[in-house]
Amino acid sequence: MTAKPLAGIRVVETATLFAAPFAGMLLGDYGAEVIKLEHPARPDPARGHGPSKDGVGLWFKTLARNKRLATLDLSRPAGAELFLRLVRDADVVLENFRPGTLERWGLGWEELSAANPGLVLARVTGFGQSGPYAARPGFGTLAEAMSGFAALNGEPDGPPLLPPLALADGVAGLATAFAVLAALRARETTGRGQVVDTSLVEPLLALLGPQVTAYALLGELEPRSGNRSSHNAPRNVYRTADGAWVAVSASATSIAERVVRLVGRADLVDEPWFATGRGRAAHVDEVDEAVASWIAARSRDEVLDAFERAEAAIAPIYDARDLVADPHLAAIGAFRTVEDAELGPLVMTDLVSRLSETPGGIEHPGGAHGQDTDAVFGAVGVGSDELARLRQDGVV
């Protein structure tokens, strides 16, 4: 069996909902041993988010895949002591408590690094570990609002729009997984771990590009533009004659030229403004009308075929039915069917990137609350009698 690239890395995840658990999922996908700790009486709320079958949450099935699931109350002295025993053999701790919470339990960086000098402590919060907002409750929605994303998203004459998905959490999870690997790489040189401090706001700020730079240098604020772009045209969604929708993108001038030639407006290429994305965006109504009217007169299949032959950039607007039926996504393995002990075969998204030599994989979906508690703590020397007492006391 091919070795996974993060085999031998042990991660203890004491985090709920999405950003930090998503980082743990990514690390586990590539072979890290991830031990997810949930409160004995209050399971991760992600178990109840989104669709479910027979009372079993489906989102959690993906977020907790490849993870060993144990329960522990870190706020109890016996729980804190047991956590330190786990940490001594770990490489990474992922946590998303409000700043100061671990410190209040005697589990701050000073105590954790004393127990394990090589530990990487990844802390994911709404606003980071310091600053005037640090103590505020933080969720992805607030980050999407404060990062500038909502201000940019929506129609020009409409309100700011929040995304219909956990966007800030997902971006922060990706950023945290990357930062953890950077810290582990640094440890190879220094021999010491360090703290990774990720807020939900900052990774999304980076994703949104030079909005702050443009404002600082030019005094410009990016306007809401709906499905259009203020930098290029054509860039929009268009309805076909059979009621389907397609998306067209022409970020490169060469692609824009192919599109307007295809839709019968080759004359636009000779306009002086056509040579730049900004110029085309300034004349977006004329460009869009040409593209939209041509597409509206043809079926989706006719449109897609013509654009493909013209080597112009287009894609159909998919929902989940289209995703699972798409031959390209099937060919590259975008989805994988995994056997689940509770629900049987589950189709879920596969790993976000493919590695040719050490590909990683999905061993199992997320499971029942606390199903691996005895095995996890037994591995650090907790006997059955002690576990029984801890369970009776509500510590595990």
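The numbers attached to residues start from 1 for each chain and follow its sequence in the written order. Selection of residues for local features in this predicted model requires a pLDDT of at least 70, selection of side-chain atom pairs for listing and counting requires 80 or more, and totals for whole chains, interfaces and linings are taken over all residues. Excluding hydrogens and water, the side-chain figures rest on all heavy atoms present in the structure.

1. Thoughts on the sheet that holds strand E5 (residues 67-71)
Point 1. Should DSSP find at least two bridges between two strands, the strands are regarded as paired. Secondary structure follows DSSP: runs of H or I at least 4 residues long count as helices, runs of E at least 2 residues long count as strands, and numbering of each begins at the N terminus. The strand order E5-E2-E1-E6-E7-E8 describes an open sheet built from 6 strands, whose pairing is parallel. With partners counted over all chains shown, the strands left at the sheet margins are E5 and strand E8 (195-199), one partner each. The mean angle between the axes of side-by-side strands here comes to 20°, regardless of whether they run parallel or antiparallel.
Point 2. Where helix H1 (residues 19-29) meets the sheet, its contacts fall on strand E1 (10-14), strand E2 (33-38), E5, strand E6 (92-95) and strand E7 (120-125), and the angle it forms with E1 comes to roughly 160°. Comment: axis = line fitted to C-alpha atoms, over the contacting stretch for helices; angle = value between 0 and 180 degrees taken between N-to-C directions. We call two residues in contact when some of their heavy atoms are within 4.5 Å.

2. Observations regarding the sheet that holds strand E11 (residues 314-316)
Point 1. Read from one edge to the other, the open sheet built from 3 strands follows the order E9-E10-E11, with strand pairing classed as antiparallel. In the strand order of this sheet, the two ends are held by strand E9 (235-239) and E11, each with one partner. Averaged over all pairs of adjacent strands, the angle between strand axes in this sheet comes to 25°, irrespective of strand direction.
Point 2. With 5 bridges connecting them, E9 and strand E10 (residues 245-249) associate as antiparallel partners. Following the sheet pairing, arginine 239 is matched in E10 by tryptophan 245.
Point 3. Together, E9 and E10 form the strand contacts of helix H13 (residues 284-296), whose direction differs from that of E9 by roughly 30°.

3. Remarks on the packing of aromatic side chains
Where two aromatic rings form a pair, the distance of their centres and the angle of their planes describe that pair.
Point 1. Only Phe, Tyr and Trp rings take part, Trp by its six-membered ring, and two of them pair if their centres are within 6.5 Å. Stacked means planes under 30 degrees apart, edge-to-face means over 60, and tilted covers everything else. In this structure the tally under the stated criterion is 5 aromatic pairs.
Point 2. A centroid spacing of 4.5 Å and a plane angle of 25° characterise the contact between phenylalanine 18 and tryptophan 59, whose relative ring orientation is stacked. Of the two residues, phenylalanine 18 sits in the loop between E1 and H1 while tryptophan 59 sits in helix H2 (residues 58-63), which places them 41 residues apart along the sequence.
Point 3. Between the aromatic rings of phenylalanine 97 and tryptophan 105, the centroid separation amounts to 5.0 Å while the plane-to-plane angle is 80°, which identifies the pairing as edge-to-face.
Point 4. Only Lys NZ and Arg CZ are tested; either one counts as a charge over a ring when it is within 6 Å of the ring centre and within 35 degrees of the ring normal. In this arrangement the basic side chain of arginine 136 is found over the ring face of tyrosine 133, its NZ or CZ atom lying 3.8 Å from the centre.

4. Quick notes on the pairing of E6
Point 1. For each residue, the accessible area found with a 1.4 Å probe, counting protein chains only, is set against the maximum for its type, and the residue is called buried under 20%, exposed over 50%, and partly exposed in between. Residues Val92 and Leu94 point to one face of E6 and Val93 and Glu95 to the other, with burial holding for every one of them.
Point 2. When E6 meets E7, the two strands line up parallel, connected through 4 bridges. Each bridged residue has a counterpart across the sheet, and for leucine 94 the counterpart in E7 is alanine 122.

5. Some remarks on the pattern of salt bridges
Point 1. The salt bridge criterion pairs a side-chain nitrogen of Lys or Arg with a carboxyl oxygen of Asp or Glu, the two atoms within 4 Å. Using the criterion set out here, one finds 25 salt bridges in the structure.
Point 2. One salt bridge connects arginine 185 with glutamate 188, and the closest N-O pair in it is separated by 3.3 Å. Here glutamate 188 and arginine 185 lie together in helix H8 (residues 167-190), a separation of 3 residues that amounts to about one turn.
Point 3. Across the pair aspartate 285 and arginine 228 runs a salt bridge whose closest N-O atoms are separated by 2.9 Å. Linking aspartate 285 in helix H13 with arginine 228 in the loop between helix H10 (211-218) and E9, this pair joins segments that are 57 residues apart in sequence.
Point 4. Within this structure, Glu13, Lys36, Asp44 and Lys67 form a network of salt bridges that share partners.

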